[in-house]
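Topology and contacts: notes
Spelled out, the chains give:
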Amino acid sequence: MANLTVVGGGLSGSEAAFQLAERGHQVTLHEMRPFRGTPAHQTDFLGEVVCTNSFKSVDPTNAHGLLKTEMRALGSILLRIAEEARVPGGSALVVDRHDFARRMTSAIESHPQIRVVREEVAELPSAPSIIATGPLTSDALSIRIQETLGEAGLAFFDAIAPIVSDDSLDHESMFAASRWGKGEGDDYLNAPMNAEQYTAFIETLRGAQSHEGYDWDAVPYFEGCLPVEVMAERGEDTLRFGPMKPIGLRVPQWGGTRAHAVVQLRREDKAGQMWNLVGFQTRLKIGEQRRVFRMIPGLENAEFLRWGSIHRNTYLNFPARLTRHGSLPDRPDLIFAGQLTGVEGYTESTAVGILAAVNLDRIARGLEPTVPPPTTMLGGLMRYLAESDPRHFQPMNSNFGLLDPLDEPVRNKQRKRELLSSRGQDDFTAWMESNGIISADAVPVL
Ligand SMILES: Cc1cc2nc3c(=O)[nH]c(=O)nc-3n(C[C@H](O)[C@H](O)[C@H](O)COP(=O)(O)OP(=O)(O)OC[C@H]3O[C@@H](n4cnc5c(N)ncnc54)[C@H](O)[C@@H]3O)c2cc1C
């Protein structure tokens, strides 16, 4: 068994260290706290949750719940400890954050195969490693990663526009076309507005409530990437001359005339299950996003797969720079994990940490890395990371739009989720079996 390194003792790195150790390796886990803090962490604990104390749903017919069934199959320490520190929260896995982090720290620090080193890592290690330094990766390491991946390989802020599901849209009120007829013709869905609809939309947008955010989270807004509500504040026509410009588009439903304004939705996946509201990065509160954006023609019943947000976040341009399992192309044994890879959220970051450990273990044993199929939630996330358009790459959370569609369309939403979930669980089990992957809990003690 090998000596392996994990950098970052957050959710992803702690889980990865545990997974590697349970698979028989000697692991050195580097965590820079308490000697160097982050603007969000408050304690010295490993696996600290920095904001909400909820790991979201455990219901397997929910996208987050499905991801948890996959993590459980791999023997996730996070889920085991979250159960021990659980407080009432309905179908959500809610924890006492202090108890959770204390138990997590104890489990990692007392593991006979793990050595925790409290120091900042400022270089990419030359030995086989997992890098899981999170959305607030220290400056020194960020600079080194950027030098390795190039200027466009690392982002420091995200400006996320909402994504809606295709089957929740009213396609009758929209039309497929690219501006000036460029591209494939159906790369974009367009929601046209007349002057009256536009004015009502702008007024509602101006009156909507935004998140206050954290002081340290203050984002330097770039002119090309202003929140949609800030653009609306600048003037009645700012959006009409910006992301909602109607030029280059004729509305077939209106006899080929031009609209007063158009919201464009860009395809997020090849199957066309997810659509991104182009230029609608926002800090509006979630309820407000639902209320305001459902005023857009065709989005009256929109299901939001990802909410808009703008905050500080260090993440890699995975599709442009990394292999399918998240390594540097010339270093399959240097694997990135956690939020740094471009997933968003506690459980997503942790799940990617487990997969990184599974793959570093495989590489150490002379096996090829593997990723689950895109009918599973972890496989869907990994496919999103690997195959997104690098020009528009933005962090993503778990949602059913990431999965391959069912062979037969199912209209009933609950039934559809049940079918996607049971197919995902079966395929995840089959993937583990066909690759000889067993749960960390089940690895025999040598
Ligand atoms: C303010 C804030 C609020 C958030 N709120 C939520 C939320 O409510 N729900 C949610 O699901 N997600 C939330 N997220 C996202 C959340 O941070 C991630 O989902 C999750 O913590 C990522 O896990 P991670 O292990 O990748 O990173 P982290 O948990 O951040 O762990 C990274 C670790 O690496 C350490 N580190 C950094 N650089 C170095 C270095 N050079 N050397 C050694 N150690 C280093 C850090 O100290 C840290 O312990 C939030 C993020 C932020 C910043």
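What you see is a predicted model; the values in this text were computed from it and never measured. (Residues numbered from 1 in each chain as written. Predicted model: local features only at pLDDT ≥ 70, side-chain atom pairs only at ≥ 80, totals over all residues. Heavy atoms only, no water.)

Let's talk about the site of the ligand
The environment of the ligand is made up of 32 residues, and the closest members are E31, R33, T52, G345 and Y346. At 2.8 Å, a side-chain N or O of R33 approaches an oxygen atom of the ligand. Residue Y346 places a main-chain N or O atom 2.7 Å away from an oxygen atom belonging to the ligand. In isolation the ligand has 970 Å² of accessible area, and contact with the protein removes 93% of it. Going through the elements one at a time, α1 (11-22) and α10 (346-364) are the ones with two or more residues in the shell around the ligand. When its residues are assigned to classes, the shell around the ligand shows twelve nonpolar, 16 polar and four charged. (Near = heavy atom within 4 Å. Polar contact = N/O pair within 3.5 Å; in protein donor to acceptor, adjacent residues only side chain to side chain. Areas by Shrake-Rupley, 256 points an atom, 1.4 Å probe, with all protein chains shown as cover. Helix = DSSP H or I, 4+ residues; strand = E, 2+ residues; numbered from the N terminus. Nonpolar A, V, L, I, M, F, W, Y, C, P; charged D, E, K, R; others polar.)

Brief notes about the packing of aromatic side chains
This structure, assessed with the given rule, holds eight aromatic pairs. Residues F428 and W431 carry aromatic rings whose centres are separated by 5.2 Å and whose planes lie at 50 degrees to one another, so their mutual orientation is tilted. Here the residue F428 and the residue W431 both occupy positions in helix α12 (residues 413-434), the gap between them amounting to three residues, near one helical turn. Each of the two residues, F428 as well as W431, counts as buried. An aromatic cluster is built from F55, F100 and Y346, whose rings are joined through pairwise contacts. The positively charged end of R240 is found above the aromatic ring belonging to F241, 5.5 Å away from the centroid. (Phe/Tyr/Trp six-rings, centres within 6.5 Å; stacked < 30°, edge-to-face > 60°. Buried < 20%, exposed > 50% of the residue type's maximum accessible area, 1.4 Å probe, protein only. Lys NZ or Arg CZ within 6 Å of the ring centre and 35° of its normal.)

None of this, on its own, says anything about what the molecule does.
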